[in-house]
Structure formats: C-alpha cells, structure tokens
Amino acid sequence: MDFRTEFKPLTVQPQEIEEKSFQIITEELGEHPFTEEQYPVVQRVIHASADFDLGRSLVFHPDAVKAGIQAIRSGKIVVADVQMVQVGISKNRIEKFGGEVKVYISDKDVMEEAKRLNTTRAIISIRKAVKEAEGGIFAIGNAPTALLELIRLVKEGEAKPGLIIGMPVGFVSAAESKEELAKLDVPFITNIGRKGGSPVTVAALNALSLMAERQG
C-alpha cells in the first residue's frame with residue numbers, strides 16, 4: 001500500500017501492529033511494581049493512552065484482577081457510567097458468559113429524578129444501577145460524581161460491587177474521587193491524579209475480559 005508519504009509504516013497488519021506496540025511498551029516501561037496478573041491491564045491502559053505516567057499511576061486492590069475475571073465469567077452485569085464507556089467495551093466477550101453491559105445515565109426516569117433533585121444524572125444513574133448489579137463490575141471513566149456516589153453506597157451497605165474500575169478524568173473531584181476509592185475494602189482498579197477517562201477505563205475492562213476468555 002502506498003501512502004504517498006516519506007514515512008512508511010512498519011506493517012499494516014492489525015495483529016502485528018498490536019504485538020509491536022506491546023513490545024515497545026514492555027521495553028520502554030522497564031522495571032515496574034505490578035504483578036504478572038496486573039500487568040496485562042497496565043499494558044492495555046498504556047496502549048490506549050500512549051501515556052506511561054498514567055500506566056505507572058495505576059493502583060490495584062490485591063483481589064481486583066481475580067474478582068473482575070470471576071464477575072465476567074459468572075455473567076454479572078457491567079455498568080458503564082456513560083455511553084462512551086459502553087460503546088468501547090468488547091461486548092461479545094461479556095455476553096459469552098451471559099453478562100451484559102448497561103448504562104443508565106440517559107434513562108428517562110434518571111433524567112427526571114436528577115432534575116427533580118437538582119443533582120447530576122450520574123449520581124441518580126448509580127443509585128438505579130446498584131439495585132440491579134450486585135456483584136457486577138462498575139466501569140466509571142467520565143463522572144467523578146458517579147464514583148463518589150458509588151463509594152457512598154458501598155460504605156452504607158447499599159452497594160455490593162464485584163469490582164470497581166474507577167478512572168474518571170478531569171479537574172473537579174476526579175483525583176479526589178479516586179483517592180477515596182483506593183481507601184475502600186472492595187476490589188478496585190484506579191489511578192492517581194487527574195488523568196484517566198473512558199478509553200483507559202475501557203482498556204482495563206477489555207484486558208480483564210480477554211483474561212477471562214483465555215481461561216477457557
């Protein structure tokens with residue numbers, strides 16, 4: 001294929017591109033503190049963001065990876081805070097085990113309740129989600145208020161997630177919400193600081209679903 005540029009790509013084969021990317025990530029990341037089971041998540045987060053500092057800032061509850069794989073293989077619901085997260089998730093691997101990916105933020109009843117209470121749709125969507133997703137995975141990449149509400153519900157015993165992937169991005173409450181998540185005694189994957197977002201949250205979840213699938 002002629003791109004009519006001075007630069008020529010090493011390959012145009014998707015699998016080769018991914019393999020080369022992972023090789024570069026491993027070489028440039030160098031020594032790291034992550035376990036063998038955590039590293040595939042870190043690798044895919046860096047792959048999605050091209051941000052080594054973000055990758056190095058990941059924080060895992062000791063049971064996070066095992067809990068995530070177990071939730072997927074048990075067919076638990078995956079709750080996304082926004083449609084961008086929902087769209088990016090490899091749903092075929094979730095559905096293979098009987099699960100589904102749900103997002104509540106645009107539900108009519110959620111919008112009406114948020115307006116009535118003068119609060120964010122993200123908060124109300126989490127209140128609705130926890131009633132349907134006990135033992136499920138909550139993937140929050142956009143809304144710090146959703147993560148903070150989930151943390152509150154966990155502390156009050158109203159929410160019992162199997163895993164929380166909480167990596168919202170932003171300047172208002174994003175870093176603080178992740179600091180609070182890291183204090184919980186429930187399985188979580190998060191990161192330190194303002195960085196994060198839907199693509200890296202999706203990458204972490206997709207890494208887990210790949211590992212779940214490869215277990216047979």
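Since this is a predicted model, take the numbers as computed values, not measurements. (Residues numbered from 1 in each chain as written. Predicted model: local features only at pLDDT ≥ 70, side-chain atom pairs only at ≥ 80, totals over all residues. Heavy atoms only, no water.)

When helices and strands are tallied, the chain shows 11 helices and 6 strands. Relative to the globule expectation of 17 Å for 216 residues, the C-alpha radius of gyration of the chain, 18 Å, shows essentially globular dimensions. For the chain, the spread of C-alpha atoms along the three principal axes comes to 60 × 35 × 35 Å. In the chain, buried positions account for 50% of the 216 residues. Accessible surface for the chain amounts to roughly 11,300 Å². Of this, 51% is attributable to carbon and sulfur atoms. Distance between charge centroids for the chain: 5 Å, based on 27 positive and 30 negative side chains. (Helix = DSSP H or I, 4+ residues; strand = E, 2+ residues; numbered from the N terminus. Rg over C-alpha atoms; globule rule 2.2 N^0.38 Å. Buried < 20%, exposed > 50% of the residue type's maximum accessible area, 1.4 Å probe, protein only. Areas by Shrake-Rupley, 256 points an atom, 1.4 Å probe, with all protein chains shown as cover. Lys, Arg positive; Asp, Glu negative; His and termini not counted. Charge placed at Lys NZ, Arg CZ, Asp CG, Glu CD.)

Bringing the packing of helix α7 (residues 108-117) against helix α8 (residues 121-129) into the picture now. Between α7 and α8, the least distance of the axes is 8 Å, while the angle of their chain directions is 125°. With respect to α8, the axis of α7 lies oblique. Crossing angle aside, the handedness with which α7 passes α8 is right-handed. Contact with α7, carried on its side by D109, V110, M111, E113, A114 and L117, involves R121, I124, S125, R127 and K128 of α8 and no other residues of that element. (Axes fitted to C-alpha atoms, helices over the stretch in contact; angles between N-to-C directions. Parallel < 35°, antiparallel > 145°, perpendicular 65-115°, else oblique. Left-handed = near helix turned anticlockwise from the far one by under 90°. Contact = heavy atoms within 4.5 Å.)

Moving on, we get to the pattern of salt bridges. It is possible for side chains of opposite charge to pair when their charged atoms get near one another. Scanning the model with the defined rule gives 13 salt bridges in all. A salt bridge links K102 to E132; its shortest N-O distance comes to 3.1 Å. Of the two residues, K102 is situated in strand β3 (residues 101-103) and E132 in the loop between α8 and β4 (137-140); the sequence distance between them amounts to 30 residues. When its relative accessible area of 39% is taken as the criterion, E132 is described as partly exposed. Here K155 makes a salt bridge to E180, at a shortest N to O gap of 3.8 Å. Here K155 is found in helix α9 (residues 144-155), whereas its partner E180 is found in helix α10 (residues 174-181), with 25 residues between them in sequence. We classify K155 as exposed; its relative accessible area is 57%. (Salt bridge = Lys/Arg side-chain N within 4 Å of Asp/Glu carboxyl O.)

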